Amino acid sequence: PNQKSMATLAGGVKFNKTDELQAEVAFSKNELNLYSELDADDDNGLAYKLIHRTKGRTVGFLPKYKLNSELSYEYNSESFSFIDRLRYIEFDRDWSYNPADFTSNFTENILTAGFDLQRNSINSLSYKLVRRKRGDAVDGFQHYLNLSKELGRFFLKSDVYLMNNDQLILDSEWNRFKLDFSYRSKWLIPGYRFSQDRNAVVNKSANEVVSSAMNFQEHTFYIKNADTLKTTYGIDFQTREDRLPVN
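To keep things clear, this report deals only with the structure shown in the data block. What you see is a predicted model, and the numbers here were worked out from it, not measured in a lab.

What counts and what doesn't
Residues numbered from 1 in each chain as written. Predicted model: local features only at pLDDT ≥ 70, side-chain atom pairs only at ≥ 80, totals over all residues. Heavy atoms only, no water. Pairing = 2+ DSSP bridges. Helix = DSSP H or I, 4+ residues; strand = E, 2+ residues; numbered from the N terminus. Contact = heavy atoms within 4.5 Å. Patch = residues over 30% accessible without salt bridge, like charges linked within 9 Å, V, L, I, M, F, W, Y side chains within 5 Å. Areas by Shrake-Rupley, 256 points an atom, 1.4 Å probe, with all protein chains shown as cover. Salt bridge = Lys/Arg side-chain N within 4 Å of Asp/Glu carboxyl O. Buried < 20%, exposed > 50% of the residue type's maximum accessible area, 1.4 Å probe, protein only. Core = buried A, V, L, I, M, F, W, Y, C linked by side-chain atoms within 4.5 Å. Phe/Tyr/Trp six-rings, centres within 6.5 Å; stacked < 30°, edge-to-face > 60°.

## Thoughts on the pairing of strand E10 (residues 188-203)
Every regular strand shows the same layout, with side chains that alternate between the two sheet faces.
Piece 1. Relative to E10, strand E9 (residues 170-183) runs antiparallel, the two being bridged by 13 bridges. Note on E10: the bridge partner recorded for Leu170 is Asn203.
Piece 2. Between E9 and E10, which pair antiparallel one after the other, the connecting turn spans 4 residues.
Piece 3. Where E10 meets strand E12 (residues 215-225), 11 bridges bridge the pair, whose relative direction is antiparallel. Within E12, the position partnered with Asp197 by the bridge is Phe216.

Below, the structure is given as structure tokens:
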């Protein structure tokens with residue numbers, strides 16, 4: 001029989017109306033065989049996380065906008081074991097990291113910093129930086145940039161994701177870019193949408209692409225009904241180019 005258990009301790013302090021600090025410590029135990037003392041050195045694990053958050057702070061040079069920000073640091077020892085899924089299902093995939101490719105466990109360090117400037121749902125700017133180091137498996141950065149802006153009847157929405165992961169043998173890069181530009185008239189909304197998702201995992205010594213989770217570029221032209229109309233309609237024309245590694 002085996003046994004998995006975890007105990008957590010969390011606390012926080014609020015400095016003022018906008019700023020707070022939170023901390024969490026977790027202890028895990030993962031016994032693969034309760035009747036055996038062999039290989040028991042890696043049964044116990046430790047993890048902790050520190051978070052500083054700012055919510056709804058007024059910005060002097062942008063009086064109509066509110067600032068939200070977050071700075072966090074997370075540490076997981078190599079023997080720490082989560083009981084339930086903690087992260088979103090594609091967390092490791094977005095780093096081009098497959099745990100099944102590695103037989104060893106690694107200590108993990110994750111530093112995250114980001115901010116969000118928001119006036120309303122259609123006028124905002126946000127950026128997030130993630131630095132992750134997990135032994136030989138992950139050593140890289142992620143960048144997230146999101147922009148929404150209304151200019152009269154014109155509306156622009158853009159999302160950018162950049163990742164690089166430098167492993168011992170492989171080097172992975174992932175670039176995602178989405179752009180939606182439209183004109184919002186009283187009766188209809190014509191627009192253009194661009195989407196690009198390019199991932200390449202390269203063998204350093206051979207300097208060749210060995211795999212790709214996604215690699216395409218897409219253009220879409222569309223016309224749809226205005227949000228104020230009771231009648232709904234839409235038409236679009238789409239063209240897409242996909243790429244696959246050839247060995």
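Picking up after the structure, the text goes on.
## Side note on the side chain of Asn165
Piece 1. With respect to the helices and strands, Asn165 occurs in strand E8 (residues 154-166).
Piece 2. In this view, Asn165 contacts Trp95, Ser96, Ala137, Val138, Asp139, Gly140, Leu170, Asp171 and Ser172; residues no more than four positions away in its chain are not counted.

## Overview of a nonpolar patch on the surface
Piece 1. Residues Trp187, Leu188, Ile223, Tyr233 and Ile235 make up a contiguous nonpolar surface patch of roughly 510 Å² in combined accessible area.
Piece 2. Along the chain, the position of Ile223 falls in strand E12.
Piece 3. A relative accessible area of 36% places Ile223 in the partly exposed class.

## Structural notes on the nonpolar core
Piece 1. Counting residues in hydrophobic clusters, the biggest one holds 12 residues: Phe91, Trp95, Tyr97, Phe106, Ile110, Val130, Ala137, Val138, Tyr144, Tyr161, Met163 and Trp174.
Piece 2. Elements with a minimum of two residues in this core: strand E7 (138-151) and E8.
Piece 3. Met163 has contacts with Asp94, Trp95, Ser96, Phe141, Gln142, Ser172, Glu173 and Trp174, leaving out every residue within four places of it along the chain.

## Regarding the pattern of salt bridges
Piece 1. Per the counting criterion, the structure on display carries 17 salt bridges.
Piece 2. Notably, a salt bridge pairs Glu74 with Arg87, separated by 2.6 Å at the nearest N-O pair. One end of the pair, Glu74, is in strand E4 (residues 62-76); the other, Arg87, is in the loop between E4 and strand E5 (108-120), with 13 residues separating them in the sequence.
Piece 3. With a closest N to O distance of 2.2 Å, Asp166 and Lys204 form a salt bridge. With a gap of 38 residues between them, Asp166 in strand E8 and Lys204 in the loop between E10 and strand E11 (208-211) connect regions that are remote in the sequence.
Piece 4. Of the residues examined, Asp166 reaches a relative accessible area of 37% and is grouped as partly exposed.
Piece 5. Where salt bridges share partners, they join Glu74, Arg87, Asp92, Glu108, Arg132 and Arg134 into one cluster.

## Points about the packing of aromatic side chains
Piece 1. This model, assessed by the stated rule, comprises 12 aromatic pairs.
Piece 2. Ring centres of Tyr48 and Tyr73 lie 6.2 Å apart, and the angle between their planes is 55°; on these two criteria the pair is classed as tilted. Here Tyr73 lies in strand E4 and Tyr48 lies in strand E3 (residues 44-59), a separation of 25 residues in the sequence.
Piece 3. Exposure remark for Tyr48: the relative accessible area of 32% places this residue in the partly exposed category.

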